[in-house]
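Take a look at the letters that make up each chain.
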Amino acid sequence: MPETFLPSVARRAGLVVVWVLGLALLLLVAAVAWIGVRGFLAYGHLDAAQKKAPAITADLGDLSAASAALDDLASDTGAARDLTSDWIWQGAEGMPWVGPQLAAIADVAAAVDDVVTGSARPIASVAGGFGVDAFIPVDGRIDTTVFTALAAPATDAAGVAASARDDVAAIDRTPLLAPISDAVDRVGTLLTQVASGTDALARASTLLPSMLGADGPRDNLLLVQNNAEWRSLGGIVGSMSIIRTDKGSIELTGQYSSSDFERYEKPVLDLGEYETIYQTRPGRYSQNVTQVPDFPLAARLAREFVSKKGEDASSVFSIDPVALSYLLEATGPVTLPTGDKLTSKNAVQLLLNEVYLRYEDPRQQDAFFAAAASSVFTAMTSGNVNPAALISALGRAGSEHRISLWSADEADQKVLAGTTLAGTPPTNDADTARFGVYFNDGTGSKMDWYVTPDVQLAWEGCGTGTTPRTLSLEISLTSTAPADAATSLPKYITGGGTYGAPPGTARTLGEVYLPEGFSVASASTSLGAGFAGGMVGGRQVLSYSFDLKPGDSESVTIDVVADTDIRDAEAWVTPTADASLSPVVRASCEAGASSGTLG
């Protein structure tokens, strides 16, 4: 045995060090194994939760089943949270490289569990007490106490969902591995949707009792926009209806067409800066109130028009036939007095094009529209409505800016503020620059049925922090009208040249509202023409005009620049008759440049 020159004390100290190092290594291996096993189990629970979530939507027609499904879901999210929050896991979060991965997983698990247990379950618990049928009008009446009961838990749930959304948004993606970063992004998108949905429910539960006449009779004005003849917010106001609510009862008490209103020499209300862009037309002609891309003003204009008929509307709603087609998915087909069956598949075609081919007399067209509105109203208030389909339809129509709401009550307006239903013009926020891209008919006809827009956004010069960036907007408009449109289409569709556009030609007047803080670097049209415009709310507006013969396509390109750290962009576009074209186009500034498109 080799002789050692170390004293016994040193030898004992060495053995202690070896044992300590061995124990530390053993503990490290055990900790890694512990974290690995718990991470694997947590992944299993989160994966199970993801697979179970769609069943809850399917169970909306049976709230007791949905509540049970949520309890099952909560067991998985709670387990995932527990598995990623013990002291060993938390200690490892401070380690380099692996720590941020573990912290991100733990934060996601906690956020998802918060939403399930603190948002979805409380709402389902309250709603399960009266059943989903309570949300649907029956025999023209809806129980307003349903929404009163939901207001407080829905408001609390919205706060929880918003907090969870913000927690995940705050996770630094920079040190994360690609699979984990992608997973965090997916959860972030989901939580954004949940936060939006719970916020909408909270606002609706607060707003609807008074709007349904819980505090006394209330007259509401419903505008139906016609996307075959464009206006900034969608289309001309082809008809207006008065809907009276009283302690939950809902009754259609009056209907007007645009021909029922006078054409005034002066605007019924002050148009402010919008008059520099649209002159006085929105305030003189009832069908033009939606020409201003500002629903609160459009609603007040419409309210003023019906007030001259002796009506006192407390609220103004707006809807278009595309949104109506979504609602028909909830009601099922509706039979009209003409014998036509109005369905989710044919509503847009029938109401925006076929009716003009069938009836040349505007009075017959108005009668058809009135009958359609009355029949759909009866179907919506009869009680034979699929609740899940109704919720989906309203959500989609709202996100596409096809439903808007304004109230003369300031308290109601505060509840609506910041929602898509409010219909206010797009503005920038800390993360997103927004264009307003609007189209208005100049033909005086229904030729916009045959015009297809394409809108594209793209970033250039993307970098980190505040840097000079260029945001490019391209708009193209194409006429799909038949080559012989001038003779094959009725005069009511072509306009017959009454307002200067030759029959068969679609004249489009376009306006682009630039994002605040951005200036024009370049702007051009395919025709080489210049731009008109002005200023509204401190924003520059560029206006242009195209005459499109059948088969023609023209375009506009606008580049705007700013020194900014904004990395996202949106263009809010006039909703058209084509449900496949989203009225919101998005672009994100990633890896130097990114683009989004409508069309």
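Throughout this description, residue numbers start from 1 for each chain and increase along the sequence as written. Side-chain atom pairs in this predicted model are given and counted only at pLDDT of 80 or more, local residue features only at pLDDT of at least 70, and totals for whole chains, interfaces and linings cover all residues. The side-chain figures draw on all heavy atoms in the structure; neither hydrogens nor water molecules are used.

Take helix H5 (residues 145–169) next. Segments assigned H or I by DSSP are reported as helices when at least four residues long, segments assigned E as strands when at least two residues long, and all are numbered from the N terminus. What a helix is expected to span follows from its residue count: subtract one and scale by 1.5 Å. Relative to the 36 Å expected for 25 residues at 1.5 Å per residue, H5 spans 36 Å between its end C-alpha atoms, a close match to the ideal helical length. At any given residue, the bend is defined as the angle formed between two axes, one fitted to the seven residues that end at that position and one fitted to the seven that begin there. Its maximal kink placed at alanine 151, H5 deviates by approximately 40°, while the proline proline 153 follows within four residues. Within H5, the full set of buried residues consists of Val146, Phe147, Leu150, Ala151, Pro153, Ala154, Ala157, Ala158, Ala161, Ala162, Ala164 and Val168. Here's how the labels work: a residue is buried when its accessible area is under 20% of the maximum for its type, exposed when over 50%, partly exposed in between, all with a 1.4 Å probe on protein chains only.

Here the focus is the packing of helix H11 (residues 347–358) against helix H12 (residues 362–381). Contact geometry of H11 with H12 gives a least axis separation of 10 Å together with a crossing angle of 145°. Here H11 runs over H12; the crossing is right-handed. Residue-level contacts link Leu350, Leu351, Val355, Tyr356 and Arg358 of H11 to Gln365, Phe368, Phe369 and Ala372 of H12. Angles here are taken between N-to-C directions and fall from 0 to 180 degrees, while the axes themselves are lines fitted to C-alpha atoms, restricted in helices to the stretch in contact. Each crossing is labelled by how the near helix is turned from the far one, with a counterclockwise turn of less than a right angle marking it left-handed and a clockwise turn marking it right-handed. Whether two residues are in contact is decided by their heavy atoms: any pair within 4.5 Å suffices.

The next thing to look at is the sheet that holds strand S7 (residues 403–407). Strand pairing in a sheet takes place through backbone hydrogen bonds and is either antiparallel or parallel in direction. At least two DSSP bridges between two strands are required for those strands to pair. Spatial strand order, S3-S2-S1-S4-S7: five strands in an open sheet with mixed pairing. Edge positions in the sheet fall to strand S3 (249–257) and S7, since each has one partner strand and no second. Strand-to-strand twist of the sheet, defined as the mean angle between neighbouring strand axes without regard to direction, takes the value 20°. When strand S4 (residues 315–319) meets S7, the two strands line up antiparallel, connected through five bridges. Note on S7: the bridge partner recorded for valine 316 is tryptophan 406. In the packing of helix H9 (residues 295–307) onto the sheet, the strands contacted are strand S1 (218–226), strand S2 (236–246), S4 and S7, and the crossing angle to S7 comes to about 65°.

Looking at the element boundaries, threonine 290 is found in the loop between helix H8 (281–284) and H9. Sequence-distant contacts of threonine 290, that is, excluding residues within four places in its chain, are made with Gln225, Arg231, Ser232, Leu233, Gly235, Ile236, Val237 and Ala298.

Right, let's talk about the packing of helix H10 (residues 321–331) against H12 for a bit. Axes are the key here: two packed helices are described by the angle between their axes and the distance separating the axes. Between H10 and H12, the shortest axis-to-axis distance is 10 Å and the interhelical angle comes to 45°. It follows from the interaxial angle that H10 and H12 lie oblique. As H10 packs across H12, the resulting crossing turns out to be left-handed. Each of Leu324, Leu327, Leu328 and Thr331 in H10 lies in contact with H12, whose residues at this interface are Val376, Ala379 and Met380. Charged residues are taken to be Asp, Glu, Lys and Arg, nonpolar residues to be Ala, Val, Leu, Ile, Met, Phe, Trp, Tyr, Cys and Pro, and polar residues to be all remaining types, Gly included. For the contact of H10 with H12, the per-class residue count stands at six nonpolar, one polar and no charged. Put simply, angles under 35 degrees are roughly parallel, angles over 145 are roughly antiparallel, angles from 65 to 115 are roughly perpendicular, and the rest are oblique.

The next subject is the packing of aromatic side chains. Any two rings among Phe, Tyr and Trp, with Trp reduced to its six-membered ring, count as a pair given centres within 6.5 Å; such a pair is stacked if its planes are under 30 degrees apart, edge-to-face if over 60, and tilted if neither. With the rule as written, the count across this model stands at 11 aromatic pairs. With a centroid separation of 5.6 Å and an interplanar angle of 45°, the aromatic rings of tyrosine 256 and phenylalanine 261 are classed as tilted. Phenylalanine 261 matches tyrosine 256 in its accessibility class, with the two residues each being buried. Among the aromatic residues, those joined into a cluster by ring pairs are Tyr256, Phe261, Tyr264 and Phe305. When the ring centre of phenylalanine 261 is taken as reference, the NZ or CZ atom of lysine 309 above it lies at 5.9 Å. The rule is short: NZ of Lys or CZ of Arg within 6 Å of the ring centre and within 35 degrees of the ring normal puts a charge over the ring.

A few words now on unusual backbone geometry. Note: most residues except glycine have negative phi, and most peptide bonds are trans. Positive phi, normally seen in glycine, also occurs at glutamine 279, with a value near 55°. Mapped onto the secondary structure, glutamine 279 falls in the loop between helix H7 (275–278) and H8. Phi at histidine 401 is positive, roughly 60°, even though this residue is not glycine. Secondary-structure assignment places histidine 401 in the loop between helix H13 (387–399) and S7.

Right, let's get into the pattern of salt bridges. Close approach of charged atoms lets side chains of opposite charge pair. By definition, a salt bridge exists where a carboxyl oxygen of Asp or Glu is found within 4 Å of a side-chain nitrogen of Lys or Arg. Tallied over the entire structure, the rule returns 18 salt bridges. As a salt-bridge pair, glutamate 229 and lysine 446 come within 2.7 Å of each other at their nearest N and O atoms. Highlighted residues: glutamate 229 in the loop between S1 and S2 and lysine 446 in the loop between strand S8 (432–441) and strand S9 (451–460), separated in sequence by 217 residues. One exposure class covers both glutamate 229 and lysine 446, and it is buried. Between arginine 396 and glutamate 400 there is a salt bridge; the shortest N-O distance is 3.0 Å. Residue class for arginine 396 comes out partly exposed when judged on its relative accessible area of 36%. For glutamate 400, a relative accessible area of 10% translates into the label buried.

Any pair of cysteine sulfurs within 2.5 Å is marked as a disulfide. Evaluation of the coordinates by the stated rule reveals one disulfide. Paired by a disulfide, cysteine 462 and cysteine 589 hold their sulfur atoms 1.6 Å apart. Judged by the sign of its S-S torsion, about -135°, the cystine formed by cysteine 462 and cysteine 589 is left-handed. Here cysteine 462, found in the loop between S9 and strand S10 (467–479), pairs with cysteine 589, found in the loop between strand S17 (584–588) and strand S18 (595–598); they are 127 residues apart in sequence, far enough to count as distant. The class for cysteine 462 is buried, based on a relative accessible area of 17%. For cysteine 589, a relative accessible area of 1% translates into the label buried.

Attention now goes to the sheet that holds strand S13 (residues 532–536). The strand order S13-S14-S11-S8-S16-S17 describes an open sheet built from six strands, whose pairing is mixed. Where the open sheet ends on each side, the last strands, each with one partner, are S13 and S17. Each strand axis lies, on average, 20° off the axis of its neighbour in the sheet, ignoring direction. In terms of strand pairing, strand S16 (residues 568–573) meets S17 through five bridges, oriented antiparallel. Along S17, the bridge assignment pairs tryptophan 572 with valine 584.

Residues of H11 that are buried include every one of Ala347, Val348, Leu350, Leu351, Leu352, Asn353, Val355 and Tyr356, and no others. Those residues of H11 hidden inside the fold are in contact with S1, H10, strand S6 (341–342), H12 and helix H16 (491–494).

So, about the pairing of strand S14 (residues 539–548). The element S14 is largely enclosed, with a buried count of seven among its 10 residues. Examined bridge by bridge, strand S11 (residues 506–513) and S14 share eight bridges and lie antiparallel to one another. Each residue of the ladder has a partner; that of arginine 507, found in S14, is aspartate 547. As paired strands, S13 and S14 are joined by five bridges and run antiparallel to one another. Counted as the bridge partner of methionine 535 is glutamine 540 from S14. Remark: two residues form the turn of the hairpin made by S13 and S14, two consecutive strands paired antiparallel; glycine 537 in that turn has positive phi of roughly 60°.

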